[in-house]
Amino acid sequence: MRTLLFTHDDCLNHVTPEGHAEQVARMHAVRDALAPLDGLIRQEAPDVADEAILRVHPQSHLDAITGAAPASGIVQLDPDTFMSPGSLSAARRAAGAMVAAVDQVLTDQADRAFIAMRPPGHHAEKTTPMGFCLFGTVAIGAAHALAAHGLDRVAIVDFDVHHGNGTQDLIWDEERVLFISSHQMPLYPGTGAANETGAHGNVMNLPLPTGSDGAHMRRVYERDVLPALDAFAPQLILISAGFDAHARDPLAQLNWDESDYVWVTEALCALADKHCAGRVVSTLEGGYDLDALWASTAAHVKSLMGTTDD
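All of these numbers come straight from a predicted model, not from anything done at the bench. (Residues numbered from 1 in each chain as written. Predicted model: local features only at pLDDT ≥ 70, side-chain atom pairs only at ≥ 80, totals over all residues. Heavy atoms only, no water.)

(A) Just the packing of aromatic side chains, in detail. All chains considered together, the criterion is met by five aromatic pairs. Both rings, one in F159 and one in Y261, keep their centres 5.7 Å apart while their planes meet at 50°; by these two values the pair is tilted. Of the two residues, F159 sits in the loop between β6 (154–158) and α6 (165–171) while Y261 sits in helix α8 (residues 258–275), which places them 102 residues apart along the sequence. Accessibility expressed as a relative area gives 0% for F159, which makes it buried. When the ring of F243 is compared with that of Y261, the centres are 5.0 Å apart and the planes differ by 80°; the resulting orientation is edge-to-face. In this pair, F243 is assigned in the loop between β9 (236–241) and α8 and Y261 in helix α8, connecting sequence segments 18 residues apart. Residue class for F243 comes out buried when judged on its relative accessible area of 1%. Since its relative accessible area comes to 0%, Y261 is described here as buried. One aromatic cluster in this structure is built from F159, F243, W256 and Y261. (Phe/Tyr/Trp six-rings, centres within 6.5 Å; stacked < 30°, edge-to-face > 60°. Helix = DSSP H or I, 4+ residues; strand = E, 2+ residues; numbered from the N terminus. Buried < 20%, exposed > 50% of the residue type's maximum accessible area, 1.4 Å probe, protein only.)

Spelled out as structure tokens, the structure:
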């Protein structure tokens, strides 16, 4: 599979306070994990056009985030979310990579893509940065696929351990997007109950109990996620790839391991092969134990490439 890797050094300039879980070292771990992988088509993440952001966020949100960027030091937007002088460019390039990846996959320049950028994006709501996130990266990609490429059915699967409340908020009224989130509950941000189903039945939330493991996840995906995706027959699959459901992650209490990320990635890619010529774009979300993040990212991207060792 022709697989793109988007990253940019600007993601190293998004600096958070000492001891913060969403730290620069995360990106060093991700890059180290992917450096030995031959066959990745490596590209720099471009800046995003304002037009792409404004498909899901109002101008007031873009203005607020732009205006909040400090000239020096670190500013706090909420209890968890911070900006340094490099944060705005990093967040814009994460969204820009998503748009560029969608463009290349949908024009047959590549089959799949992984976006190794930070800050993450799936908690950012229409007008609210939160949970380390400034812009709704994966939702921006979905909206671009609809508007610029005329797609009718885009699926987003979020297997981060935290509910993708921002993505849900941004696509709630968009019947052409199916959003599926599996996540530990109870856990931050407290949303993601099974009865949150979107304005058009286009949201599927699958709460996973604290302490459950990868075998439980696989049963849930086989019972609910994969049949729903199969019935939807997406023309593009986007993944919010958080690796914080790993047993070693300090922010949550699920017990997945690398083999579970291989399994879920291969299952989603198989459906992509069936319905949309293999087209998958994945973007990094969470994952806060550096060793687990290294191993899980490598497992996920190898699976996207079709070169997994397992």
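(B) Structural detail: the pairing of β6. For β6, the tally of buried residues reaches five of five residues, placing the bulk of the element in the interior. Side-chain alternation along β6 places V154, I156 and D158 on one buried face and A155 and V157 on a second face that is also buried. Here β6 runs beside strand β7 (residues 177–185); their pairing, made up of five bridges, is parallel. Across the sheet, residue I156 finds its bridge partner in β7, namely F179. Read from β6 through α6 to β7, the crossover connection turns out right-handed. Strand direction decides the pairing type here: β6 and β9, joined by five bridges, are parallel. Its bridge partner being in β9, A155 is matched across the sheet by I237. (Pairing = 2+ DSSP bridges. Right-handed = clockwise from strand over helix to strand, strands pointing away.)

(C) Examining the packing of helix α4 (residues 87–106) against helix α5 (residues 137–149) more closely. Contact geometry of α4 with α5 gives a least axis separation of 9 Å together with a crossing angle of 40°. By the angle class used here, α4 and α5 are oblique. Every pair of crossing elements has a handedness; the one defined by α4 and α5 is right-handed. Here A94, A95, M98, V99, V102, D103 and L106 of α4 come into contact with α5, specifically with T137, V138, I140, G141, H144, A145 and H149. Taken together, the residues that form the contact of α4 with α5 break down as nine nonpolar, four polar and one charged. (Axes fitted to C-alpha atoms, helices over the stretch in contact; angles between N-to-C directions. Parallel < 35°, antiparallel > 145°, perpendicular 65-115°, else oblique. Left-handed = near helix turned anticlockwise from the far one by under 90°. Contact = heavy atoms within 4.5 Å. Nonpolar A, V, L, I, M, F, W, Y, C, P; charged D, E, K, R; others polar.)

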